[in-house]
Amino acid sequence: MMKVSAKNWGLIGFVLLCSLVLLTGCGQPAGEKDSSDQVAGQTTEKESTDQAGENVSDFFNKVQIGQTKAEVDAALGVTPTSPVEGAFDYVDENGNGVTVIFMERSLGDGSPKVALSKKLIGTEKYIIAATDDQRITEEQAEKIIEGMTYDEVKSILGQDGIVVSEAEGAGGAITTERYWIKPGLASMLSVTFAGPGGSDLSTFILNF
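For the structure given in this document, a descriptive report is provided here. What you are looking at is a predicted structure, and each value in this text was computed from that prediction instead of being measured.

### Concerning helix α6 (residues 150-157)
- Among the residues making up α6, those that are buried are Y150, V153 and L157. All buried residues of α6 lie within an arc of 65° about the axis, which places them on one face of the element.
- Where α6 is buried, its residues touch α5 (138-142), β7 (174-181) and β8 (188-194).
- Looking at the residues trailing α6, positive phi occurs at G158, about 75°.

The following block contains the structure:
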C-alpha cells in the first residue's frame, strides 16, 4: 500500500475544473438578492448537488460485474463508443457515464466476455457543486491508513464516499475505489478497498 501526494495531478485537475467553473458561472444574474432569495438559492444548490451525485451513481450502478455486453447495453439503454478494444464508454444525455471493460474470466477457454471492470464518468460536476457538509477535512483524510475496514473509514469520514470504480480480480475478488471530496478544487481522498461487503480492507490510499 502506498499513500501518494499527487501535486501534479491536482494542478492538472485544478486547471480543468477552473475552466468548468468559469463556464457554469457565466449565466448568473447581476444584482443583490434579498434574504429569502438567498435561502431559496442555497436550498436549490444543495438539492442540485445531491441530485448530481445520485444521477452519476444511479447510471453507474446499473452495470453489474459479470454481466455480458448485451445485458449492459439493455440496462443502460444508450449506444456506447469504444475508444480501445474491449472497453466501451456509455454516456447518457446528462453526461453521466461509465466505462466498462469486457473480458473472458479465463482467457482462451471460450467463455463469453463479461464486464470485469467499470469506471465512473462524470464526477466533475458533483465535485464542483459539493457543499461544505458534503466534504471532509484534511485532518480526517490524514487519519485513514492501510488495513482499515470500510466501516472504520466511514466512521472517521462520516460519509459513504462515491464509488468511482469496481473490478473483479483473481478468484473473483472485487476491488472498489471510493472518493471523498475535500475543500478546494480537485482535492480529494481516494481509497481502494478489497474484500466482501463491510469487511473490505483499504489497500491503496491517494490523498491529494
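Now that the structure has been shown, the text picks up again.
### Considering the packing of aromatic side chains
- Within the structure shown, the criterion is met by three aromatic pairs.
- With centroids separated by 5.7 Å and ring planes inclined at 70°, the aromatic side chains of F88 and F102 adopt a geometry described as edge-to-face. Linking F88 in strand β3 (residues 87-91) with F102 in strand β4 (residues 97-103), this pair joins segments that are 14 residues apart in sequence.
- With a relative accessible area of 6%, F102 lands in the buried category.
- A centroid spacing of 5.5 Å and a plane angle of 90° characterise the contact between Y150 and F193, whose relative ring orientation is edge-to-face. Separated by 43 residues along the polypeptide, Y150 in helix α6 and F193 in strand β8 bring together distant segments of the chain.
- Given the relative accessible area of 10%, Y150 is considered buried.
- Looking at F193, the relative accessible area reads 0%, which means it is buried.
- Among the aromatic side chains, those forming a connected cluster through ring pairs are Y150, W180 and F193.
- A cation over an aromatic ring shows up here: K118 above the ring of F60, its NZ or CZ 4.1 Å from the ring centre.

Calculation notes
- Residues numbered from 1 in each chain as written.
- Predicted model: local features only at pLDDT ≥ 70, side-chain atom pairs only at ≥ 80, totals over all residues.
- Heavy atoms only, no water.
- Buried < 20%, exposed > 50% of the residue type's maximum accessible area, 1.4 Å probe, protein only.
- Helix = DSSP H or I, 4+ residues; strand = E, 2+ residues; numbered from the N terminus.
- Arc of directions from axis to C-beta.
- Contact = heavy atoms within 4.5 Å.
- Phe/Tyr/Trp six-rings, centres within 6.5 Å; stacked < 30°, edge-to-face > 60°.
- Lys NZ or Arg CZ within 6 Å of the ring centre and 35° of its normal.

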